[in-house]
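One letter stands for each residue in the lines below.
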Amino acid sequence: MGKTAVITDSTSYIPEETRKQYNITMVPLNVIFGEETFKEEWDITFEDFYYKMKHTEKLPTTSQPSIGLFEETYRELGAEYDEIVVVTLSSGISGTFQTAIAAANMFEELPVHVFDSEVSCMIQGFYALEAAKLANEGKDGRAIMARLEELKEKTSAYFMADDLNHLHRGGRLNGAQLFIGSMLKVKPVLHFEDKKIVPYEKVRTERKALAKIRSLLDSDLTQEESASIAVIHGNCLDKAEPIADELRGQYPNADVYISHFGPVIGTHLGPGALGIGWMHLD
Ligand code: MYR
């Protein structure tokens, strides 16, 4: 039986301990403050990032991992594995997916399958965790990729930013050009459509946006179902915790995670962002 390794980029924000437990390798993206480049998690923590963002004059930018870093990681894993599955954030918001493919094309020693999660953060993490479970059961790259594709139909994610200017500044807000002036003053519910971020519904307040996201979840998930749910926050754990507690009571068969928007995604969403995503597991 062949052995399949699983890689995910850092924006899945799977805690290190969980990655170790599931045997998942992480390749970091970069966050850049002025002249300084930090590989997220390796060189900059979540806490340091939000502190720096609050106190800096010039806001940060981000970049994908280098081809070299992917190739080096493939090479290291190649010594022990027969195939590799890479789970990346959406190709509509980052060049990471293309870079992982370019590195795979330069690396001929073993097959590398690159999966575009079409989302990011812990929801991307759910795909990586599922890939790792299957790999640990001995499934090969093709079978894992087929299962991950299937799961796209069973996955949803909605989120909101406290200040939409960050997304606008980073050029990651699509479909809002006509409304941009008014959009920036409200708290639209956002989601991914065709791999890109677009407004789902224009809502005035955070309370209404959250209520909308909750109602989308409630109409999609039954109480008996087994599912993974993530409540994701941009340095506002105090807002995420009560939501997660409520969801745990409401969905006893679901695993409810609290996760965060780390440095790279935090650069584009800004502090105070909140999101809820879920994946049906039946
Ligand atoms: C890069 O520089 O390649 C990284 C660009 C990352 C853009 C992030 C945009 C916000 C994504 C929000 C995801 C929310 C998922 C629930």
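The name an unreviewed UniProt entry gives the protein is DegV family protein, with Alkalicoccus luteus as the organism.

In terms of regular secondary structure, the protein is built from eleven helices and 13 strands. The C-alpha radius of gyration of the protein comes to 18 Å, within 12% of the 19 Å expected for a compact globule of 282 residues. Viewed in the frame of its principal axes, the protein has a C-alpha envelope of about 55 × 50 × 35 Å. Counting every position in the protein, which comprises 282 residues, the buried fraction comes to 56%. Taking as baseline every contact in the protein between residues at least 6 positions apart, the subset at least 24 positions apart corresponds to 74%. Accessible surface for the protein amounts to roughly 12900 Å². Of this, 48% is attributable to carbon and sulfur atoms. Charge separation in the protein, taken as the distance between the mean sites of 28 positive and 43 negative side-chain charges, equals 7 Å.

Covered by surrounding structure in strand β3 (residues 30-33) are Asn 30 and Ile 32 together with Val 31 and Phe 33, the residues of both alternating faces. Here β3 pairs with strand β4 (residues 36-39) via four bridges, running antiparallel. By the bridge assignment, Phe 33 is partnered in β4 with Glu 36. Between the end of β3 and the start of β4, which pair antiparallel, lie two residues, with Gly 34 showing a positive phi angle near 60°. Pairing between β3 and strand β5 (residues 61-63): three bridges, direction antiparallel. Residue pairing in the sheet places Val 31 in a bridge with Thr 62 of β5.

Following the criterion strictly, the structure yields eleven aromatic pairs and no others. Geometrically, the ring pair formed by Phe 33 and Phe 38 is edge-to-face, given 6.2 Å between the ring centres and 80° between the ring planes. As far as burial versus exposure is concerned, Phe 33 and Phe 38 are alike and both buried. Plain terms: the ring middles of Phe 46 and Tyr 50 are 5.0 Å apart, the flat faces sit at 65° to each other, and that makes the pair edge-to-face.

With respect to spatial proximity, 16 residues lie near the ligand, and among them Thr 62, Ser 63, Ile 93, Ser 94 and Arg 172 are the closest. One of the side-chain nitrogen or oxygen atoms of Thr 62 is found 2.6 Å away from an oxygen atom of the ligand. Side-chain polar atom of Ser 94 to an oxygen atom of the ligand: 2.7 Å apart, as the coordinates give it. The set of elements that each furnish at least two residues to the shell around the ligand consists of β5 and α11 (263-269). The element best represented in the shell around the ligand is α11, accounting for four residues. In terms of residue class, the shell around the ligand is made up of nine nonpolar, six polar and one charged. Residue contributions to the shell around the ligand reach at least three from each of two domains, namely domain 1 (4-153) and domain 2 (154-280).

Turning our attention to the nonpolar core. The nonpolar side chains of a soluble globular protein tend to be buried with one another. Ile 24, Tyr 127, Leu 148, Ile 197 and Phe 261 are the most contacted members of the largest nonpolar core, which has 52 residues in total. Residue contributions to this core reach at least three from each of two domains, namely domain 1 (4-153) and domain 2 (154-280). Leu 217, Ile 229, Val 231 and Tyr 251 belong to the second-largest nonpolar core, a separate cluster that totals 24 residues.

In this section: the sheet that holds strand β9 (residues 189-193). Strand order in the open sheet formed by six strands is β10-β9-β8-β13-β11-β12, with mixed pairing between adjacent strands. Edge positions in the sheet fall to β10 (196-201) and β12 (254-260), since each has one partner strand and no second. Going across the sheet, the axis of each strand differs from the next one's by a mean of 25°, ignoring polarity. Bridge count between strand β11 (residues 227-233) and strand β13 (residues 274-280): seven bridges; the pairing is antiparallel.

What counts and what doesn't
Residues numbered from 1 in each chain as written. Predicted model: local features only at pLDDT ≥ 70, side-chain atom pairs only at ≥ 80, totals over all residues. Heavy atoms only, no water. Helix = DSSP H or I, 4+ residues; strand = E, 2+ residues; numbered from the N terminus. Rg over C-alpha atoms; globule rule 2.2 N^0.38 Å. Buried < 20%, exposed > 50% of the residue type's maximum accessible area, 1.4 Å probe, protein only. Contact = heavy atoms within 4.5 Å. Areas by Shrake-Rupley, 256 points an atom, 1.4 Å probe, with all protein chains shown as cover. Lys, Arg positive; Asp, Glu negative; His and termini not counted. Charge placed at Lys NZ, Arg CZ, Asp CG, Glu CD. Pairing = 2+ DSSP bridges. Phe/Tyr/Trp six-rings, centres within 6.5 Å; stacked < 30°, edge-to-face > 60°. Near = heavy atom within 4 Å. Polar contact = N/O pair within 3.5 Å; in protein donor to acceptor, adjacent residues only side chain to side chain. Nonpolar A, V, L, I, M, F, W, Y, C, P; charged D, E, K, R; others polar. Domains from an automatic or database assignment. Core = buried A, V, L, I, M, F, W, Y, C linked by side-chain atoms within 4.5 Å. Axes fitted to C-alpha atoms, helices over the stretch in contact; angles between N-to-C directions.

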